[in-house]
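For reference, the chains in residue letters:
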Amino acid sequence: MRFSQLASCFLALEATSKRLEKTSRVSALIRQCDLDLLEPLLLLLQGRIYRLIDPREPGVSDRTMIKALQTAYGISPAAIETRWRKHGDLGLVAEELAKAQAQVRLVAETLDLQRVHTTLTKLAVHEGAGAIDHKVRLITELLSHADPAEARYIVRLVLGQLRMGVGEGIIRDAICWAFLPMPKGLFDSNEHCDDAKDNSSGNKTPTSGNRTVFTCDTADDALIIARDNPQALLILPDESAARQAYNLIISTVQHALDVSNDFAAVALVARTRGIGGLQAMDITPGKPLKVMLAQKAESMEKGLASVGLPCQAEYKYDGFRVQIHIDPHQEVSIFTRRLENVTRQFPDIVSMVKDLPGPLILDAEAVGIDQDGSFLPFQSISQRIRRKHRIADSVRRLRVQVHVFDVLYRQGSMLSRPFQERRKAVQELVPINGPLQAATATTIAEEKDAVAFYEKALAAHNEGIMLKAFDAPYRPGSRVGSMVKVKPVMDGLDLVIVEAEWGEGKRATWLTSFTLACQHQGTCLAIGKVGTGLKEKLDDSDEETLTFAAITEALRPLIERQEGRAVWLRPELVVEVAFEEIQKSPSYASGYALRFPRMIRLREDRAADDAASLDEVRIAYEQQYRRGLT
DNA sequence: GTTGCCTGCCC
DNA sequence: ATTCTGC
DNA sequence: GCAGAATGGGCAGGCAAC
C-alpha cells in the first residue's frame, strides 16, 4: 500500500467530525489492505508507531522536529517557529515547506506504508552520542521523498499528534464494519458510508459479495448466527433489534481489545476466525489491561445520582495507579496506568504480593509513606516511578503502601462480574492493615453516610473519595459514570497574566496558555501557567462565558514582545484561577506552583496590584493541609 | 566534568 | 490531571 | 454519556552544549 493512500484517507478524516463517516473511511482502508500490512496500518491510523505494550518510544518532540525541518528544508529554526505560530501545527509547517520545495525538486520516490512505518520504528534506537542527529536524519530521509500531504502526516506521526478525531472507538467499529457480519439497514441511510465504500474499494470488497442473508428474531440470535456464518448479512425485525445486534458485535471486538491491547491481532482474528475467535480471546495474567477511570462529580449529590444508591465509597489516595499481576508461574509484574512495566522499580511491592494465590490481577493505588506511616506528597513517590539507577537506594528512602481496590482476575476473568463481587474478592485476598491493604471503604445507603465518610477521608489526608456502583462491570480504559471521584472545591487565587503562548491545532489563532504571577514588593513572581477552563465557543445562555477569543483580545493591547509562539505582556490583566493544591516549586520564581490549575474568570475590576501577594500564597500553602481537621 | 534542555509519563 | 466539544 | 483534543506541574533519564 502506498503511503499516499493513507495520507489521502487522513485528509478526509480530518475534514469531517462525523463519526460514522470516519468509521466508514477507516473500514474501507483496512478492508482493502493486505493482511500482512494490517499491523502498521492500524498503528499509523492511531497515530502510533509502536504497539501499546511496546516500551519503545520515538524520543522526538517539538524541538527535535524543528531541527529535522531545518535540515530537510534548509530553513532557520526562528523561521520555523514563526510558521509554527501561524499554523499551530508543525505538520502544516512541513506541508507548506514541501510545497515551496516541490517546484525545485525533480524526482521523488514513492513512499510505501511499510517503509514509512519501518523507518519511524528506527527512531527509538538508543545509541548514545549522536542519537538526536540520527533521529533527525531518519525524519529528513522520509521527508525528502514525501509530497506535501505526506510530509504533513509524517511529521504528525512522529510527534504522535494526528489531530483527526480518530481514536480507539472508531478503529474498533471500523474493524467490525470491515471484517464481521453486520445487521442490514442500520447505516444504509447514511450517505457517507456508501460514499466511502464506493470511492475506495468499488464493489469487490472481501465481505460485500457472496453474502448469505439470515433472518434473526432477536439480537442474541443474530450474534449466534454471525458466529457460525462469517459471511452473514443479518436481517432483524426492527431497527432497535438491529442496533442491539450491532452493539453485541461491537462488544465482542471491544472484549478482544480489552484483553489483548493489540488492534492488529484483533483485526486478524476477526478476519480469519470471526466472532467465535474474538470471544475465545481471554485475559492473560502477566499481560496488562487498561485501567478503568473515574469521572469527576461536581458534587456529592450528583456523584451519588450517577452511581445510584446504595453504593460503595473508598478513600481516593494521592499516589499512582498500579496493576499487579501474578502469572500462572507465580511471577509478579507491575504495570502503570499507561501499561508501563515498573516491576523493576518496585521490588518492595513484588515481595508484598508474591505469596498471594495466583494467577491474579489486582488494581491498586501505591502511596508514599514516611517512617511514621503518614502519607508523603505525590512528588516524593513519583521519584521512584521512572527510576533506572540506584533503585535499591530509593526503595529504602521512599516506602510505599499499596491500597488494593479491585480484582480483575482470580480463577478466571472477573471483568464482567459486578463490582460488589470483585470487592468481596479484595477482602478475601488482602489484609485490612499493613504495607499491602484493602482500600478503606464503606457502604453508602444515603447521602449523609457519604458526607461523613468524605470528611473522614479528608481528615486522613486523602484527595477525596471514590463512589462506585455495586453492579458495574470493570470496563478497561473507559471513564464511565459507574465510578466517580468527589474532591473538595478549592478557593481560587487572583493572579496577573505576565506571559502567554499561541495555541496549537484547532486553537492556533488564540492565546491558549497563560503564565501567572503573584505580587511581591512591587514585582511579579511567576507561580505557574493555566490553559484550561476557557471555552472555544461562546455560550449564549451564559453571560459570563470566558472564551479564548475574548482573552486573546483582552491581552492583545498588552503585548510587549513576541518570539515564536511566546508572548510577553504588560502585567495588567488579573484572572481568577482554581487549583487542587499549592506545591513547592523548583522552577517558578515565587517558589510555589499550582497543581491542576484552571481558569475561572477575568477580574477586570482588579488591577495588577490587587493580585494575590506572595504572603497570601504562602499562607494558603500552609493552610491547605489543615483542611478537614477542623 | 557539569549544567540545562528535551522527552515521556506520572498525577 | 481538568475542561470543553461533537456525535 | 462518552471519546477526543486542548491544556497544567514535576519527576528521571539522556543527550547536547558549555
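Please read these numbers as outputs of a predicted model, since none were measured by experiment.

Caption draft 1: Representation of the overall build of chain A in the model. A count of helices and strands for chain A gives 22 helices and 22 strands. The C-alpha radius of gyration of chain A comes to 27 Å, within 12% of the 25 Å expected for a compact globule of 630 residues. Across the 630 residues in chain A, those meeting the buried criterion constitute 52%. Here the analysis covers contacts within chain A between residues at least 6 apart in sequence; of these, 69% occur between residues at least 24 apart. Summing over all exposed atoms, chain A offers an accessible surface of approximately 29,300 Å²; the carbon and sulfur share of this is 49%. Looking at chain A, you have 80 positive and 83 negative side-chain charges, and the mean spots of the two groups are 4 Å apart.

Caption draft 2: Representation of the pairing of strand β21 (residues 592–595) in the model. The two faces of β21 match: Tyr-592 and Leu-594 on one face and Ala-593 and Arg-595 on the other face are all buried. Here strand β20 (residues 581–584) pairs with β21 via four bridges, running antiparallel. In the sheet register, Gln-583 faces β21, and the bridge partner there is Ala-593.

Caption draft 3: Summary view of unusual backbone geometry. Going from Leu-309 to Pro-310, the amide bond is cis rather than trans, its omega being -5°. With respect to the helices and strands, Pro-310 occurs in the loop between α15 (300–307) and β5 (311–316). Omega for the peptide link from Gly-358 to Pro-359 comes to -10°, which places this bond in the cis form. Here Pro-359 lies in the loop between α16 (347–353) and β8 (360–369). The backbone phi angle of Arg-163 is positive, close to 50°, even though this residue is not glycine. Mapped onto the elements of the fold, Arg-163 is located in the loop between α9 (148–159) and α10 (168–179). With phi around 50°, Gln-521 is a residue other than glycine that occupies positive phi space. Structurally, Gln-521 is set in the loop between β15 (511–520) and β16 (523–530).

Caption draft 4: Region of the structure containing the nonpolar core. Counting residues in each nonpolar core, the largest one holds 108 residues, and the members touching the most others are Ile-30, Leu-45, Leu-69 and Leu-90. With 10 residues, the single largest contributor to this core is helix α13 (residues 239–260). Filtering out sequence-adjacent residues up to four positions away, Leu-69 remains in contact with Gly-74, Ile-80, Leu-90, Val-93, Ala-94, Leu-143 and Val-155. Counting 34 residues, the second largest nonpolar core, distinct from the first, contains Leu-516, Leu-534, Leu-569 and Tyr-592.

Caption draft 5: Here's a closer look at the packing of α13 against helix α14 (residues 263–280). Relative to each other, α13 and α14 sit at 125°, their axes nearing to 10 Å. In terms of orientation, α13 and α14 fall into the oblique class. The two elements α13 and α14 cross, and the hand of that crossing is right-handed. Every residue of α14 that contacts α13 at Ile-249, Thr-252, Val-253, His-255, Ala-256, Leu-257 and Ser-260 is listed here: Phe-263, Val-266, Ile-275, Leu-278 and Gln-279. For the contact of α13 with α14, the residue count by class is eight nonpolar, four polar and no charged.

Caption draft 6: Spotlight on the protein's contact with DNA strand B. Around DNA strand B there are 19 residues in total, and Thr-64, Arg-321, Thr-336, Arg-338 and Glu-340 lie nearest to it. In the interface set of DNA strand B, defined as its atoms within 4 Å of the protein, sugar plus phosphate atoms amount to 89%. In this structure, a phosphate oxygen belonging to DNA strand B sits 3.3 Å away from a main-chain N or O atom of Val-60. Within the backbone of Ser-61, one N or O atom sits 2.9 Å away from a phosphate oxygen of DNA strand B. Where the surface near DNA strand B is concerned, the elements lending two or more residues are α4 (62–73) and β6 (320–326). Ranked by residues supplied to the surface near DNA strand B, first place goes to α4 with three residues. Along the lines of polarity and charge, the residues of the surface near DNA strand B split into five nonpolar, five polar and nine charged.

Caption draft 7: Spotlight on the domain arrangement of chain A. By the assigned domains, chain A splits into domain 1 (3–159), domain 2 (168–280), domain 3 (293–486) and domain 4 (493–626). Here the C-alpha centre of domain 4 lies 49 Å away from the C-alpha centre of domain 2.

Caption draft 8: Spotlight on the protein's contact with DNA strand D. The immediate surroundings of DNA strand D are formed by 44 residues, with Gly-165, Gly-167, Lys-388, Ser-513 and Tyr-588 found nearest. Within 4 Å of the protein, the contacting atoms of DNA strand D are drawn from sugar and phosphate to the extent of 99%. Contact between DNA strand D and Gly-128: a phosphate oxygen at 3.1 Å from a main-chain N or O atom of the residue. Gly-167 is positioned with one of its backbone polar atoms (N or O) 2.8 Å from a phosphate oxygen of DNA strand D. Listing elements by their share of the surface near DNA strand D, those giving two or more residues are α8 (131–144), α10, α17 (378–385), β13 (479–486), β15, β16, β20 and β21. For the surface near DNA strand D, the class distribution of residues is 12 nonpolar, 21 polar and 11 charged.

Caption draft 9: Just a negative patch on the surface, in detail. Residues Asp-540, Asp-542, Glu-543 and Glu-544 make up a contiguous surface patch of negative charge. With respect to the helices, strands and loops of the structure, Asp-542 is situated in the loop between β16 and α21 (548–555). Assessed through its relative accessible area of 31%, Asp-542 is described here as partly exposed.

Caption draft 10: Spatial organisation of the sheet that holds strand β1 (residues 182–183). Pairing is parallel across the open sheet formed by three strands, whose spatial order is β1-β3-β2. Each having just a single partner strand, β1 and β2 (212–215) make up the two edges of the open sheet. Sheet topology places β1 next to strand β3 (residues 232–235); two bridges connect them, and they run parallel. In the strand pairing of β3, Met-182 is matched with Leu-233.

So, how was this worked out
Residues numbered from 1 in each chain as written. Chains lettered and ligands numbered in written order. Predicted model: local features only at pLDDT ≥ 70, side-chain atom pairs only at ≥ 80, totals over all residues. Heavy atoms only, no water. Helix = DSSP H or I, 4+ residues; strand = E, 2+ residues; numbered from the N terminus. Rg over C-alpha atoms; globule rule 2.2 N^0.38 Å. Buried < 20%, exposed > 50% of the residue type's maximum accessible area, 1.4 Å probe, protein only. Contact = heavy atoms within 4.5 Å. Areas by Shrake-Rupley, 256 points an atom, 1.4 Å probe, with all protein chains shown as cover. Lys, Arg positive; Asp, Glu negative; His and termini not counted. Charge placed at Lys NZ, Arg CZ, Asp CG, Glu CD. Pairing = 2+ DSSP bridges. Core = buried A, V, L, I, M, F, W, Y, C linked by side-chain atoms within 4.5 Å. Axes fitted to C-alpha atoms, helices over the stretch in contact; angles between N-to-C directions. Parallel < 35°, antiparallel > 145°, perpendicular 65-115°, else oblique. Left-handed = near helix turned anticlockwise from the far one by under 90°. Nonpolar A, V, L, I, M, F, W, Y, C, P; charged D, E, K, R; others polar. Near = heavy atom within 4 Å. Polar contact = N/O pair within 3.5 Å; in protein donor to acceptor, adjacent residues only side chain to side chain. Domains from an automatic or database assignment. Patch = residues over 30% accessible without salt bridge, like charges linked within 9 Å, V, L, I, M, F, W, Y side chains within 5 Å. Salt bridge = Lys/Arg side-chain N within 4 Å of Asp/Glu carboxyl O.

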